[in-house]
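Survey of secondary and tertiary structure
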Amino acid sequence: MVSIERTFEHWACVYDDDQQLLQTAVPFLAGGLAAGEPVLAVTSRANLELIGAALEERAGEVDYAESAFFGRRPPQRVAAFYRYWARHAGDGGDGGEGTRSSGGGTRDGTRVRILAEPVWSGRSAREVAAWTRMESALNVALAPASISMICPYDTRTLDPGIIADALRTHPARIAGPALSPSAEFTDPAQFVRSCDTGPLAQPPAGVAQFGFDGGLRALRQFIASRADAYGVAGDRAELLILAVSEVGGYLKNQGPGTAAVRAWEQPGAVVCDFRQPGTGIGDPFLGLRPASLEPGAGDGLWLANQICDWMEIRSGAEGCVIQLQVPSRRDQETVAQPGTRYPA
């Protein structure tokens, strides 16, 4: 079995059939159980059944979750990984989203092992880019956490481009007991910046603009009026105002300057757009680092990223753009809101 060091480890498992998956997953999970480490398997229901059968009597000692219900969006998935580790490290947390724990209570040690297979099928190109970006960012966002993570990639169902990116976002590749460095691995900052090149939503002509100069109360009032105009009400309006306030607080602390803030409705979403001139943002991982794990100036962006459906940042010599999106009234009325499910 591969030796587990006391650092965040992130390995890709590219498999062609069920047996190849089991040859990697079972020794990894069983080795963690033998070492007294908390073990979490996050994959499809079919793969959970395969792994459970292979682990036999030890299957009940593994925490598990279906991928579709363990972090609906990349920021939520990062948070779920963090909370699972923090719970067992004694730093708080609730064990993550959609998990079922067999043991209860805190187990000995802070090292955890996680088998984590994202859902790729049915995603838009924008969503695929966001999840691929997350895979790379994990190497930095969770760097202080004692987690060993294997991310399986099924060549039978995935686009070759997703497989190729897996080797660029994971420092090493694992197959059975064999671990080897990934020659294609790309520096996470470079990779994440390459993902942040897609076009952002553009405001329609004549949309109202607010000049934000650090006055958070006025900013909240502006967004509250826009939310009301677009039918975003109740808790959803309060959460939007909170997210916008956190972004405003971050920009206020970056130095003098007035940000142009606009909000508008587009199909399926209400968009809030901040554009601030200046030197831009140098950290490409803002909004993905768990605030409790590595406190810093971007903690408010972490919270905003958890609240909103999308948060995208663009930065350059001319300044920065931070854009938030939440479901519009029409989207809320016509589409059932997703909820947390616990696997049976």
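Parameters and conventions
- Residues numbered from 1 in each chain as written.
- Predicted model: local features only at pLDDT ≥ 70, side-chain atom pairs only at ≥ 80, totals over all residues.
- Heavy atoms only, no water.
- Helix = DSSP H or I, 4+ residues; strand = E, 2+ residues; numbered from the N terminus.
- Expected span 1.5 Å × (residues − 1).
- Buried < 20%, exposed > 50% of the residue type's maximum accessible area, 1.4 Å probe, protein only.
- Arc of directions from axis to C-beta.
- Pairing = 2+ DSSP bridges.
- Axes fitted to C-alpha atoms, helices over the stretch in contact; angles between N-to-C directions.
- Contact = heavy atoms within 4.5 Å.
- Salt bridge = Lys/Arg side-chain N within 4 Å of Asp/Glu carboxyl O.
- Disulfide = S-S within 2.5 Å.
- Core = buried A, V, L, I, M, F, W, Y, C linked by side-chain atoms within 4.5 Å.
- Phe/Tyr/Trp six-rings, centres within 6.5 Å; stacked < 30°, edge-to-face > 60°.
- Lys NZ or Arg CZ within 6 Å of the ring centre and 35° of its normal.

Here helix H7 (residues 216-229) spans 20 Å end to end across 14 residues, near enough to the 20 Å set by a 1.5 Å rise per residue. The complete set of buried residues in H7 reads Leu-219, Phe-222, Ile-223 and Ala-227. Angular distribution of buried residues about the axis of H7 spans 135 degrees; they occupy a single face of the element. More than 90 degrees from the buried face of H7, the exposed residues found are Arg-217, Gln-221 and Asp-228. Once H7 finishes, Gly-231 follows within two positions and takes phi at roughly 80 degrees, a positive value.

Turning to the sheet that holds strand E7 (residues 178-181), a few remarks are in order. The strand order across the open sheet built from 7 strands is E3-E2-E4-E5-E1-E6-E7, with neighbouring strands paired in mixed fashion. Strand pairing shows two members of the sheet lacking a second neighbour, strand E3 (63-66) and E7, which therefore form its edges. Direction aside, neighbouring strands of the sheet carry axes that sit 20 degrees apart on average. Examined bridge by bridge, strand E2 (residues 39-43) and E3 share 4 bridges and lie parallel to one another. The residue of E3 that forms the bridge with Val-42 is Ala-65. Docked against the sheet, helix H1 (residues 18-34) engages strand E1 (9-15), E2, strand E4 (112-116), strand E5 (147-154) and strand E6 (172-175), running at close to 160 degrees with respect to E4.

As enumerated under the stated definition, the model contains 13 salt bridges in all. The shortest N-O distance in the salt bridge between Asp-309 and Arg-72 comes to 3.4 Å. Remark: Arg-72 occurs in the loop between E3 and helix H3 (74-89) and Asp-309 occurs in the loop between helix H9 (299-307) and strand E11 (310-316); sequence separation between them is 237 residues. Judged by its relative accessible area of 39%, Arg-72 falls in the partly exposed class. Arg-156 is the partner of Asp-154 in a salt bridge, and the nearest nitrogen-oxygen pair spans 2.9 Å. A relative accessible area of 8% places Asp-154 in the buried class. On the accessibility criterion, Arg-156 (44% relative accessible area) is partly exposed.

Turning our eyes to something else, we now look at the state of the cysteines. By definition, a disulfide is the covalent link that joins the sulfur atoms of two cysteine residues. As enumerated under the stated definition, the model contains 0 disulfides in all. For the unlinked cysteine Cys-13, the closest cysteine sulfur is that of Cys-151, found at 9.8 Å. Owing to a relative accessible area of 1%, Cys-151 belongs among the buried residues under this scheme.

This brings us to the nonpolar core. Membership of the largest hydrophobic core comes to 42 residues, with the highest contact counts inside it found for Trp-85, Ile-114, Leu-142, Ile-147, Met-149 and Tyr-153. For this core, the secondary-structure elements that each account for two or more residues are E2, H3, E4, helix H4 (125-141), E5, helix H5 (160-169) and helix H6 (188-195). Considering each element in turn, this core owes the most residues, 9 residues, to H3. Setting aside residues up to four positions removed in sequence, Tyr-153 forms contacts with Cys-13, Val-14, Tyr-15, Glu-117, Trp-120, Glu-135, Leu-158, Ile-162, Ile-163, Ala-166 and His-170. In this structure, Leu-219, Ile-241, Ala-243 and Trp-264 belong to the second largest nonpolar core, which totals 37 residues.

Moving on, we get to the packing of aromatic side chains. With the rule as written, the count across this model stands at 5 aromatic pairs. A ring pair is formed by Tyr-82 and Trp-85, whose centres lie 6.2 Å apart and whose planes are at 45 degrees; its orientation type is tilted. Remark: Trp-85 and Tyr-82 occur in helix H3; sequence separation between them is 3 residues, near one turn of the helix. Across the pair, exposure class does not vary: Tyr-82 and Trp-85 are buried alike. Ring centres of Trp-120 and Tyr-153 lie 6.0 Å apart, and the angle between their planes is 35 degrees; on these two criteria the pair is classed as tilted. Taken together, the residues Trp-120 in the loop between E4 and H4 and Tyr-153 in strand E5 connect sequence positions 33 residues apart. Residue Trp-120 is classed as buried on the basis of its relative accessible area of 6%. Judged by its relative accessible area of 1%, Tyr-153 is buried. A cation over an aromatic ring shows up here: Arg-126 above the ring of Trp-310, its NZ or CZ 3.7 Å from the ring centre.

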